[in-house]
There are 2 protein chains.
Amino acid sequence: MAAVYLAGVGMTKFGKSSQTLIGLLREAATRALSASPVQDVDALYIGAMNPEEFTGESNIAAQVADALGLSGLPALRVETASSAGAAALHTACQAVASGYYRHVLVLGGEKMTHLSTSAATRILAEVIERQERQCGATMPALAAMITERYRKRYRLSHSELERILSLVAMKNHLNGSHNPFAQFQKPITEETYLSSKLVSTPLRLYDCSPMTDGAAAVVVTAEKTDLFVSGIGQGTGPVGLRERESFTCFRATQAAAERAYQMAGISPKEIDFAEVHDAFTPFEIISTEDLGFFPAGKGWQAVEEGKTSMDGPLPINPSGGLKARGHPIGATGVAQIVEVALRMRGEGQVKLKREPKRALAQSTGGLGANNLVTILERSNGVQVENHWTPAPPRPRPKRKAKAAERAPSEEGKIETFTMLYVTPDGFLPPLALALIRDRSGQLIMAQGEDVSHLKIGREVYLRQLGGGYVFTVKSQLRTVREALKKLLRRVPSPADRNESKRGRKESP
Amino acid sequence: MAAVYLAGVGMTKFGKSSQTLIGLLREAATRALSASPVQDVDALYIGAMNPEEFTGESNIAAQVADALGLSGLPALRVETASSAGAAALHTACQAVASGYYRHVLVLGGEKMTHLSTSAATRILAEVIERQERQCGATMPALAAMITERYRKRYRLSHSELERILSLVAMKNHLNGSHNPFAQFQKPITEETYLSSKLVSTPLRLYDCSPMTDGAAAVVVTAEKTDLFVSGIGQGTGPVGLRERESFTCFRATQAAAERAYQMAGISPKEIDFAEVHDAFTPFEIISTEDLGFFPAGKGWQAVEEGKTSMDGPLPINPSGGLKARGHPIGATGVAQIVEVALRMRGEGQVKLKREPKRALAQSTGGLGANNLVTILERSNGVQVENHWTPAPPRPRPKRKAKAAERAPSEEGKIETFTMLYVTPDGFLPPLALALIRDRSGQLIMAQGEDVSHLKIGREVYLRQLGGGYVFTVKSQLRTVREALKKLLRRVPSPADRNESKRGRKESP
């Protein structure tokens, strides 16, 4: 009885649009409703990250109801940074499962391309932890630092990493070339990838999702349709990179996936294809590991072996993903559901080799800090049970006070780093950024005085400058000298010995 | 089984605070959890209107989870303009009723006082429809125009209105004087009220809720406690004043109340006291009518007769309301629930004369565009049934395309007006603002060239200037001359008669 089904879905073409945000949302809603057996919805749930700063408009939920000629109906906005659309979907599913509403229209949208890249980047950077943001860290910079760490941890050479990332970009652009809703509908070659500019080492332009306008909409309902929402899960992780235990996975995705699989009563093996939040190409790889599709550190191999291609056993991002379909922030989480539904229904131009039974969508908020997983299944012939029961008790995070900020020690070593070429206003490129682990084990984001000799594990001096921190790489010569000096201090000099002997003699 | 109960509640003192928004939310959460039989919550649902622009922080949900040491748990933000806190509560109730979560911590908060009044006013004004905003309309200006219309419709003299508004302000400040969480804890006299400056005629400073910092938190749970959520309802209305059928009521409140009463299975008569969104004193009066406590146009009489005072039959805003408790936007909807729970449990310093069984909280988003109603009841001895069933089908708003903007005609008449003394940046005070109904029946917000002769029903000339419209009141002499001229045109002149006679003769 409490199952939640998916009725009509629809989206705008993603890309640069002359429409307003409200206009885009109206277009997507009209498409979803006209494709829906359910026309009269009870409420509107809208995902949008930051319409206030992107468009200067607030009160978006009432405005959308107005624009759809549905003023009077309950309407609200849900926000979890870049996964806002997925969060709107999940709350709407809860509302339908509770019995309070029978049919909810879920919308997601964002309008960004009318702003300059630096203005949009500034707004997007607000999701970043303050200390990291103050150093000039942007989303691509932080993603790059995670990528460098992944490369190091799984022992990939620079050229191996480059080739793997290019394979992800090429796969998603190839997939996007068949998708009429995609922002980019052209395949790219390895040469195109390699000749694209470096945004933040090792990430190039073709590793990063673009600025996009767009909207998407789906109707969730208590009335039986061909598809149902069999699992939903959400998890958070620390906002700051420097608060994390691991840089090569997203705990938030792992927690979200665990709950969604548990609710659906399935294992990752039973997923036929997935839409994954590839805001950056390496994040697609990490996410396929977090979702349990591949073991940790093996996601890159799956790409290399073509496992995630359209003709592989587990197609990832048949739509082209954020990379090629585009990433109008609040729209993305809903667009993934639209894309999954189209594939499962065999509609649209993108076709899968085999008829899928189950698919998954994964959405990421901020730098992997607020992630959601949704599992959709065919309901044909499937006995849909009540999945809306609480998860069995499991260890919950114990509330603990956040450690107070301490001044870092004056020395430390590089945990990960990047050279940022597309810098925020007020920062000259190239900007060397590194996460430094100080002597007490605390992590600090700092700007480099040197732009060479950057390497994970390298020793640095650390000092405060203005509101932030600056690091200087100890030269290798200097490091050797210091190590020798330290050794020297351990070996007592003959003079010292004589001193201490004399001392002993003189004592009574 | 699906009933939703209220466990611990807590809030910060409202007022000017040196804490950050996150700090305020943490304080409120800690209080609610420490007062709660349920300590381990499954998720965080947060109401905040615009932390991005008020504090420069985005990604608030993950940040709050971090700050509470609960990183890992699902966390999301809900927004419906100034009713965001109530919307977070309602979605959390739906999540618990669905069975997906057992316990949800609901938070609401906003940090505003660190900004200048003009900066904060600009952010708050983003909830206003664009054409109205472009003329310089602020929230107090629009509230003032509604008030003037109410006065005219219910035949109150200027001095009668002034006295009634002062009674609301004095009542709420008296109530606030007993509330340790209130921003203002001193009663005010009629003299204080009357000597306060005019913000926007007829509204004075003491008619408007203040800028406030603060946060509030409640735990909603599937486990039985002494209080349960027996009814929730939400409704929207047109964002623009000029799109509305009525200026003297809020359809959004009426729709929200209807659903909440229906769900609780009660009538307005069964409510023992209520917290009502008195962002402006006249809105308290209008809301008590919309909620069905008093007939339309009789709310002012109830105030006069003391019916809404602490010793009256239906105390309204025992906490002091937004007026005296303060209005940290996103916090208010949750704070109302905290206040209601404290009164129902007989906790805190504010005491009711009689032990209440049922209470109601009403929250307003924007200018009455997104409103929510919550009903709380004692569960002691009450058989709590499953209320979470969809509302029976009723006429839904039919989707209709919004009428395209037409250029207004050159003449019209004043539907309502105000003189705004606290103007937004770029507008010189005093600013005459009026809603003009043009000859085709369309409503247009316009600035007045004259600041005198303003009166509902008066004829004006209307012309476009820059991006907006300007009106000029036709002088009474001119209006009389024009009326006479019109009459004159209806009376054929002797010459005309001769002409026509001659004409007739000449025709074959």
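In this text the structure is predicted, and so the values were computed from the model without any measurement.

### Overview of the overall build of chain A
- A count of helices and strands for chain A gives 16 helices and 16 strands.
- In summary, chain A has a C-alpha radius of gyration of 26 Å against a globular reference of 23 Å for 508 residues, a match within 12%.
- Considering only C-alpha atoms, chain A reaches an extent of 100 × 50 × 45 Å along its principal axes.
- Across the 508 residues in chain A, those meeting the buried criterion constitute 63%.
- Restricting to contacts in chain A with at least 6 residues of sequence separation, those with at least 24 account for 75%.
- Taken as a whole, chain A presents about 19,600 Å² of accessible surface, with 53% of it coming from carbon and sulfur.
- One finds the centroid of the 63 positive side-chain charges in chain A at a distance of 7 Å from the centroid of its 52 negative side-chain charges.

### A word on the relation of the copies chain A and chain B
- With an RMSD of 0.1 Å, the fit of chain A onto chain B corresponds to turning through 180° and sliding 0.0 Å along the axis. This pairing of chains is accounted for by a two-fold axis. Within chain A, the C-alpha atom positioned nearest to the axis of rotation is that of Ser98(A), 1.9 Å from it.
- Taken together, the interface assignments show that 100% of the residues at the interface of chain A recur at the interface of chain B, consistent with an identical surface on both copies.

### Quick look at the pattern of salt bridges
Residues and elements named next belong to chain A.
- Under the counting rule described, the total for this entry stands at 58 salt bridges over all chains.
- For Glu415, the salt bridge identified is with Arg149, shortest N-O distance 3.6 Å. Remark: Arg149 occurs in helix α7 (residues 139-153) and Glu415 occurs in strand β12 (residues 411-420); sequence separation between them is 266 residues.
- Residue class for Arg149 comes out partly exposed when judged on its relative accessible area of 22%.

### Examining the nonpolar core
- Val218(A), Val220(A), Val218(B) and Val220(B) are the most contacted members of the largest nonpolar core, which totals 98 residues.
- Each residue touching Val218(B), except ones within four places of it in the same chain, is listed here: Leu6(B), Gly8(B), Val9(B), Ala32(B), Leu89(B), Val104(B), Leu105(B), Val106(B), Val334(B), Ile337(B) and Val338(B).

### Some points on the interface of chain A and chain B
- Listed per partner, the contact involves 73 residues of chain A and 73 residues of chain B.
- Overall, the association of chain A and chain B removes approximately 6,200 Å² of surface from exposure, summing both partners, and the carbon and sulfur fraction of that is 46%.
- At the junction of chain A and chain B, the tally comes to six salt bridges.
- Note that Glu57(B) and Arg133(A) form a salt bridge whose closest N and O atoms lie 3.2 Å from each other.
- Between the two partners, chain A and chain B, sit 32 residue pairs in polar contact (both at pLDDT 80 or more).
- Listed by contribution, the elements that provide at least two residues to the side of chain A that touches chain B are α1 (21-34), α2 (51-55), α3 (60-67), β3 (75-79), α4 (84-98), α6 (130-134), β8 (227-236) and α10 (251-264) of chain A.
- Looking at the side of chain A that touches chain B element by element, the count peaks at six residues for α3(A).
- Across the side of chain A that touches chain B, the residue classes break down as 30 nonpolar, 25 polar and 18 charged.

About the cut-offs
- Residues numbered from 1 in each chain as written.
- Chains lettered and ligands numbered in written order.
- Predicted model: local features only at pLDDT ≥ 70, side-chain atom pairs only at ≥ 80, totals over all residues.
- Heavy atoms only, no water.
- Helix = DSSP H or I, 4+ residues; strand = E, 2+ residues; numbered from the N terminus.
- Rg over C-alpha atoms; globule rule 2.2 N^0.38 Å.
- Buried < 20%, exposed > 50% of the residue type's maximum accessible area, 1.4 Å probe, protein only.
- Contact = heavy atoms within 4.5 Å.
- Areas by Shrake-Rupley, 256 points an atom, 1.4 Å probe, with all protein chains shown as cover.
- Lys, Arg positive; Asp, Glu negative; His and termini not counted.
- Charge placed at Lys NZ, Arg CZ, Asp CG, Glu CD.
- Least-squares fit on C-alpha atoms with pLDDT ≥ 70 in both.
- Salt bridge = Lys/Arg side-chain N within 4 Å of Asp/Glu carboxyl O.
- Core = buried A, V, L, I, M, F, W, Y, C linked by side-chain atoms within 4.5 Å.
- Buried area = accessible area lost by both parts, 1.4 Å probe.
- Polar contact = N/O pair within 3.5 Å; in protein donor to acceptor, adjacent residues only side chain to side chain.
- Nonpolar A, V, L, I, M, F, W, Y, C, P; charged D, E, K, R; others polar.

Nothing here speaks to function; it is all geometry.
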